[in-house]
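Here are the chains, one letter per residue:
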Amino acid sequence: MKLSHFNFNLPKELLAEFPAENRDESRLMVIDRKKNTIEHKMFKDVINYFDDGDVLILNNTKVFPARLYGNKEKTGARIEVFLLRELNSEQRLWDVLVDPARKIRIGNKLYFGDDDSLVAEVIDNTTSRGRTLRFLYDGSYEEFRNKLTELGETPIPKYINREVTAEDAERYQTIYAKEEGAVAAPTAGLHFSKHLLKKLEIKGVNFAEVTLHVGLGTFNPVEVEDLSKHKMDSEELIITQQACDIVNEGKAKKKRICAVGTTSMRAIESSVSSANTLNPYEGWTNKFIFPPHDFSIANCMITNFHTPKSTLLMMISAFCGHDLMKKAYDEAIKEGYKFYSYGDAMLIL
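Residues numbered from 1 in each chain as written. Predicted model: local features only at pLDDT ≥ 70, side-chain atom pairs only at ≥ 80, totals over all residues. Heavy atoms only, no water.

A look at empty space enclosed by the protein
- Per the counting criterion, the structure on display carries 4 cavities of 30 Å³ or more.
- In this model, the largest cavity occupies a volume close to 180 Å³.
- If you trace the largest cavity, you find 19 residues lining it, with A185, T187, T218, T262 and L312 closest to the centre.
- Those elements that place two or more of their residues in the lining of the largest cavity are α5 (262–269) and β16 (300–304).
- The residue inventory of the lining of the largest cavity, partitioned by class, reads 10 nonpolar, 9 polar and no charged. (1 Å grid on protein atoms, 1.4 Å probe; cavity = no way out; pocket = protein on both sides within 12 Å on 5 of 7 lines; lining within 4 Å. Points joined across faces, edges and corners; volume = space filled by probe spheres on them. Helix = DSSP H or I, 4+ residues; strand = E, 2+ residues; numbered from the N terminus. Nonpolar A, V, L, I, M, F, W, Y, C, P; charged D, E, K, R; others polar.)

Quick look at unusual backbone geometry
- In this chain, D99 is followed by P100 through a cis amide linkage whose omega measures 0°.
- Mapped onto the fold, P100 is located in the loop between β7 (93–99) and β8 (109–112).
- A cis amide bond, omega -5°, links P291 with the succeeding residue P292.
- Within the secondary structure, P292 sits in the loop between β15 (281–285) and β16.
- Residues other than glycine seldom take positive phi values, yet N36 does so here, at roughly 65°.
- In this fold, N36 is placed in the loop between β1 (27–32) and β2 (37–42).
- You will see that K74, though not glycine, has its phi angle at about 70°, which is positive.
- With respect to the helices, strands and loops of the structure, K74 is situated in the loop between β5 (67–72) and β6 (78–88).

What to know about the domain arrangement of the protein
- Annotation of the protein at the domain level lists domain 1 (3–63 + 169–348) and domain 2 (67–153).
- Each of domain 1 and domain 2 has a C-alpha centre, and the two are 32 Å apart.
- Listed as interface residues are 5 residues of domain 1 and, on the opposing side, 6 residues of domain 2.
- Summing the contributions of domain 1 and of domain 2, the shared interface buries around 420 Å²; its carbon and sulfur component is 60%. (Domains from an automatic or database assignment. Contact = heavy atoms within 4.5 Å. Buried area = accessible area lost by both parts, 1.4 Å probe.)

So, the pairing of β16
- Among the 5 residues that make up β16, 5 are buried, leaving the element largely enclosed by the rest of the structure.
- Burial along β16 is two-sided: the residues C300, I302 and N304 and M301 and T303 are all buried.
- Pairing geometry for strand β14 (residues 257–260) and β16, over 3 bridges, is parallel. Residue pairing in the sheet places V260 in a bridge with I302 of β16. (Buried < 20%, exposed > 50% of the residue type's maximum accessible area, 1.4 Å probe, protein only. Pairing = 2+ DSSP bridges.)

Here it is, written out as structure tokens:
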């Protein structure tokens, strides 16, 4: 398959700028691959598709407030600094993106906060917009991290053309987020309310938590026609023995194993044993899933509606079947489903 197979016209007004009023009241398109059917539901109806012993695989990564605004020394120019990952906690070294990048050179200092209480020095160039910063702060490591949290804002995606609100801090985060480290939310999980999770638990559904710290690469469109030439960014992944036990037991009993989101799917597909069971894992993954692909663990998935030419769309094509996915997307556009991070959801059975 080529990149051109994944292009489609997405009307601007279908890009969700805000989340649904209640998490579990976004729309849900249900696709049955065996029956070749498409149904229209509400997200909270997802409960009707799961029973005792079924497994939901959740990505429990937590988004941190990664977007900071600082001022360049001498000129006072406003610079956006997007924290990607911490490189060294003792030296307070971070891998970041800066914008506008042309103004930021090695040796420059950036000042943050009304009182300039946090300072960063540029010590390396990594890519055209990438820099390594050393933060200078009078205080313990914990105080420094608290300062970053205080000065940072929720990193809602760039396509959302509005100011960040206080609501975003809550809504651009799953309710089961635990392990801090993502700069983008695993968005399929945003639809679960506490109430819905409780009802699933009462029904006997089991939850297996994995941790994949979603990076900005999740937004990178593919730019090569030959998909096998595309390189994914690496992201940190942790799969515990406990999660493996829950998943493998469900699999042995032929239960429904549902990956909640493309990040959960990429996580589990990164650590499959030769017997097609899930293995524990701690490290990094740059797995790129595109058609054709044999999925080893999950037999259903929940996901949002993705943008043209994205790696996420390619995974959905591989899981759903390309023609059925295209049919579903045509229908989603016709029916006015909302796309992308704050958009509606799809359940693929």
